[in-house]
Number of protein chains: 2
Amino acid sequence: MHRVVIVGAGFGGLSAARALAKKPVEVTVVDQRNFHTFQPLLYEVSTAGLDPADVAYPVRAIFGRTPNVTFRYGTVDGVDWDARTVSLEDDDPLPFDSIILATGAVAKYFGIPGAQEFTFPLYTLADARILRDHLLRRLEEIDAHPELINDGTLTFVVVGGGPTGVEVAGALAELLDVSVRHDGFKFDRAQAKIIVVDGLNRLLTPFKVSAATYAADTLRRRTVELQLGRMVKRVTPTCVELDDGSQIPTRTVVWAGGVTVDGTVASGLGALADRSGRLVVRADLALPDHHQAYAIGDAAAVPWGEDRPGVTCPQLAQVAIQSGKHAAEQIVNRVKGKPTLPFRYNDKGTMATIGRRAAIAQFPSGMVIRGTLGWLSWLGLHLIYLIGFRNKITVLVNWSWRYLSWTSGPRIIVGDELPANPEEEDHGVDQPAHQPETVDSPA
Amino acid sequence: MHRVVIVGAGFGGLSAARALAKKPVEVTVVDQRNFHTFQPLLYEVSTAGLDPADVAYPVRAIFGRTPNVTFRYGTVDGVDWDARTVSLEDDDPLPFDSIILATGAVAKYFGIPGAQEFTFPLYTLADARILRDHLLRRLEEIDAHPELINDGTLTFVVVGGGPTGVEVAGALAELLDVSVRHDGFKFDRAQAKIIVVDGLNRLLTPFKVSAATYAADTLRRRTVELQLGRMVKRVTPTCVELDDGSQIPTRTVVWAGGVTVDGTVASGLGALADRSGRLVVRADLALPDHHQAYAIGDAAAVPWGEDRPGVTCPQLAQVAIQSGKHAAEQIVNRVKGKPTLPFRYNDKGTMATIGRRAAIAQFPSGMVIRGTLGWLSWLGLHLIYLIGFRNKITVLVNWSWRYLSWTSGPRIIVGDELPANPEEEDHGVDQPAHQPETVDSPA
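About the cut-offs
- Residues numbered from 1 in each chain as written.
- Chains lettered and ligands numbered in written order.
- Predicted model: local features only at pLDDT ≥ 70, side-chain atom pairs only at ≥ 80, totals over all residues.
- Heavy atoms only, no water.
- Salt bridge = Lys/Arg side-chain N within 4 Å of Asp/Glu carboxyl O.
- Helix = DSSP H or I, 4+ residues; strand = E, 2+ residues; numbered from the N terminus.
- Buried < 20%, exposed > 50% of the residue type's maximum accessible area, 1.4 Å probe, protein only.
- Pairing = 2+ DSSP bridges.
- Axes fitted to C-alpha atoms, helices over the stretch in contact; angles between N-to-C directions.
- Left-handed = near helix turned anticlockwise from the far one by under 90°.
- Contact = heavy atoms within 4.5 Å.
- Nonpolar A, V, L, I, M, F, W, Y, C, P; charged D, E, K, R; others polar.
- Phe/Tyr/Trp six-rings, centres within 6.5 Å; stacked < 30°, edge-to-face > 60°.
- Expected span 1.5 Å × (residues − 1).
- Patch = residues over 30% accessible without salt bridge, like charges linked within 9 Å, V, L, I, M, F, W, Y side chains within 5 Å.
- Areas by Shrake-Rupley, 256 points an atom, 1.4 Å probe, with all protein chains shown as cover.

Undergrad: Describe the pattern of salt bridges, with residues and values.
TA: What the rule picks out here adds up to 40 salt bridges over all chains. For Asp143(A), the salt bridge goes to Lys186(A), with nearest N and O atoms at 3.2 Å. Residue Asp143(A) is located in helix H5 (residues 125–144), and its partner Lys186(A) is located in the loop between helix H6 (163–182) and strand S12 (193–198); the two are separated by 43 residues in the primary sequence. Classification of Asp143(A) by relative accessible area gives buried; the value is 8%. Overall, the relative accessible area of 54% leaves Lys186(A) in the exposed class. A salt bridge links Asp133(B) to Arg132(B); its shortest N-O distance comes to 4.0 Å. Arg132(B) matches Asp133(B) in its accessibility class, with the two residues each being buried. One salt-bridge network, in which partners are shared between bridges, spans Arg60(A), Glu140(B), Asp143(B) and Lys186(B).

Undergrad: Which residues make up the sheet that holds strand S11 (residues 155–159) of chain B, and what values go with them?
TA: Residues and elements named next belong to chain B. Strand order in the open sheet formed by four strands is S13-S12-S11-S17, with parallel pairing between adjacent strands. The open sheet has two free edges, formed respectively by strand S13 (224–228) and strand S17 (252–255), since each of these has just one partner strand. Within the sheet, the average angular offset between the axes of one strand and its neighbour, ignoring direction, is 20 degrees. Note that strand S12 (residues 193–198) and S13 share five bridges and pair parallel. Note on S13: the bridge partner recorded for Val197 is Gln227.

Undergrad: Quick rundown of unusual backbone geometry? Include the residues and the values.
TA: Residues and elements named next belong to chain B. For Asp90, which is not a glycine, the phi torsion comes out positive at approximately 55 degrees. For Asp90, a relative accessible area of 66% translates into the label exposed. In this model, Leu285 sits at a positive phi of 80 degrees, which is unusual for a non-glycine residue. Relative to the helices and strands, Leu285 is located in the loop between strand S19 (279–280) and strand S20 (286–287).

Undergrad: Can you break down the packing of helix H5 (residues 125–144) of chain B against helix H6 (residues 163–181) of chain B residue by residue, with the values?
TA: Residue and element names in this part refer to chain B. At a closest axis distance of 12 Å, the pairing of H5 and H6 adopts a crossing angle of 40 degrees. In this structure, the crossing between H5 and H6 has a hand that is right-handed. Contacts from Leu135, Leu136 and Leu139 in H5 reach Leu172, Leu175, Leu176 and Ser179 in H6. Of the residues that constitute the contact of H5 with H6, the class distribution is six nonpolar, one polar and no charged.

Undergrad: Which residues make up the packing of aromatic side chains, and what values go with them?
TA: Residue and element names in this part refer to chain A. All told, the structure shown has 10 aromatic pairs over all chains when counted by the stated rule. Ring plane angle 40 degrees and centroid distance 5.6 Å describe the contact between Tyr109 and Trp255, whose orientation is recorded as tilted. Of this pair, Tyr109 sits in the loop between strand S10 (106–107) and helix H4 (115–118) while Trp255 sits in strand S17 (residues 252–255), and the two are 146 residues apart along the sequence. Pair check on accessibility: Tyr109 and Trp255 agree, each one buried.

Undergrad: Before we move on, can you summarise helix H7 (residues 209–221) of chain A with the specific residues and values?
TA: All names here are of chain A. For H7, which comprises 13 residues, the first-to-last C-alpha distance of 18 Å matches the rise-based estimate of 18 Å (1.5 Å per residue) to within 8%. The complete set of buried residues in H7 reads Ala211, Ala212, Tyr214, Ala215, Ala216, Thr218 and Leu219. In this structure, the buried side of H7 is in contact with H6, strand S13 (224–228), strand S23 (350–355), strand S24 (358–362), strand S25 (368–370) and helix H10 (371–385). Directly after H7, the chain includes Thr223, whose backbone phi takes a positive value near 75 degrees.

Undergrad: Account for the packing of helix H1 (residues 11–20) of chain A against helix H9 (residues 317–335) of chain A, with residues named and values stated.
TA: Helix packing for two helices is described by the angle between their axes and how far apart those axes are. All names here are of chain A. Orientation of H1 relative to H9, taken along the N-to-C sense of each, is 35 degrees, at an axis distance of 7 Å. Crossing of H1 over H9 shows right-handed handedness. Contacts between H1 and H9 involve Phe11, Gly12, Ser15, Ala16, Ala19 and Leu20 on the former and, on the latter, Ala317, Ala320, Ile321, Gly324, Lys325, Ala328 and Val332. Residues belonging to the contact of H1 with H9 are distributed by class as follows: nine nonpolar, three polar and one charged.

Undergrad: So what's going on with a nonpolar patch on the surface? Residues and values would help.
TA: A surface patch of nonpolar side chains, amounting to about 290 Å² of accessible area, comprises Leu381(A), Ile384(A) and Tyr385(A). Its relative accessible area of 33% is what places Tyr385(A) among the partly exposed residues.

Undergrad: How would you sum up the pairing of strand S8 (residues 91–95) of chain A? Please name residues and give values.
TA: Residue and element names in this part refer to chain A. Relative to S8, strand S7 (residues 85–88) is paired through three bridges, and the arrangement is antiparallel. Note on S8: the bridge partner recorded for Thr85 is Pro95. What sits between S7 and S8 in their antiparallel hairpin is a turn of two residues, with Asp90 showing a positive phi close to 55 degrees.

Here you go:
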């Protein structure tokens, strides 16, 4: 049986695995996490609107009953093209006949000093949880020490005015509202600052100007300050410096400045990368030098196809889903001795939400839906795509509850609950990492 | 205004705070976590039946709109009785006129070598999450390396045959069932071992013999092996040694051997402790030497009261709830210049679940309900007590879903997602702890 290894269980990897289910191939999905992360909703987790588990779905629960798809929990650290094996950290190599590289992307820092060290990216579930804990801790801090307001403890800077930046800023405003209104925090809401910084003169470049203006107006009305046409020059633990020399005292910088592909992916594979690190692929999504290997989603410079020759697709979930399916189909074609076909992106439009009852959806025709209707479309679409029926219900419960009352919500800080040394739990002898118990506090 | 500090937001602390709401006192609840943990369901989290957030509820969401109750996120490290202040780690001391000590308990290891180092307790949300990650990792390991079955990778030992031990063992059997049936794990279910060890000759000593026999029979039918009348002599990373010299190769030992109070609590307070470390209190629950201080719940040797003179209460949620309320009422009595009253425990019975459709509920009259009816009673009672309407719905969703299909469930491993050094996030400069990104794996 033809063996296919899919590296990565994001949108692209899962889409490929689904397309290969019940086909005459043997599929192994490898991921360093045992769950798929629904990345478009990570900003909701980071601002305590959703639980981490709402956006995570065990890969095994998806393919547990699909005989030709198995899951392997492991970290891939290279590919041996001659032996046709994928090497795993601390484990035996996995043989393959075809391979799909769906390794995703990482935050892009443009070499800005301090950006990588002192800002919060929002690309993994861990990122979201770490940011949430940090935000909730800042609120507790300001509650106990109101004088810290001058130190930027209640100033939240979001770098990047794309969809993620807009979504985080809008959700942050809601978190601050509910903290004062329902959680008994005593800070003055009017003194809290949320600032979106972007080098361009407008928000949401993938959208039409009118949609971007609507987003900007909505954010401003919801107390978000916009610093457009400003580049971040430097980030320190206590401030952000802009290119006009101004300094914003803050302890929280969310990095939504774009994504890139870790440069070592391509070099580790002996493959070609484009300027932004993405793997260069042929029209059928195979690597030029390794025709049995396909690269898809955020990791690849996916060509748009015949509708827009020479153009590559943006790093979006839809591209990952479509390119994953395409790569899977080409593998089946090759197994059957048929020629492979070029990829063609089917643009279904873009969406971004600014918060309660405010979102924009732009269709390829140029039509834009916004406001409550846009928000409801956004909500519906995300629930449809949110993998797993159970997650849909609990997300709906979380959202409805928040929308109706906000009295509850997953605003728990779990960071202080982490084991002292998670590495040990990961790789060493299996001794449980014990929590240091504090004398006079509840265990 | 009379200032009351409540140390701990467990069942006892919250019950006390609720009883003081709208009373002529100013209440501060201090906890090192910003959430209440519904401890009776931790075993469900540890066996991937519930999400961590299902059993955690933000304290601020409970008292956010109660004007005289505020929450303080902090770790108490002592009490200055002369200054009447509670000292906090890295923070200014909190003054009080009355104080309620609701600091809970910790696992009791009876000085057994290796027990503290190599077993998993189940007392905090972190404990539950760490155990869940460990269990799921063992399953992944055995899936990739079936030969490890001889090394005890698929042997799970539960020390303690009380309610917690029985519940964990039953839930573990269900986790193993679903792993094979729905998650595509390839191990032979019949080769997996769950072993409950207890020094006594029967399970569930708080229950009647007939109820305990029912539990034992049910567990055995569900593939759980019972080693009763056997003491654990030693625990190592790879085995458990019993008092008859037999060794059980295992990498997973769940410690449900009982709870105690950290001995340093009493000494740190300059207070009296009984044999098991619990704070000795008067009939009205005040400390003998500090009448403005009350100790409640697991942390205190709560007297049963006039129905059973000289007897102290077991460490149960009901005792914590009732003693918390009582202490609060005595503080109000003192503020009003009235005398304090002795505590009297109202025993409402005990429950334990063995798994799906099998639980026992024993009433003070001696009546026992068991089987499906017992299980439904258990389910209903826990949903009623589970704080917060939202949590009730999501728990219900998780449970119904699991009961109906088990196809989904929060079986995600999050441990590998932990920041490299959580301590920094806790106390140091606020730089986000970045994840080491692995080259070829999805970010």
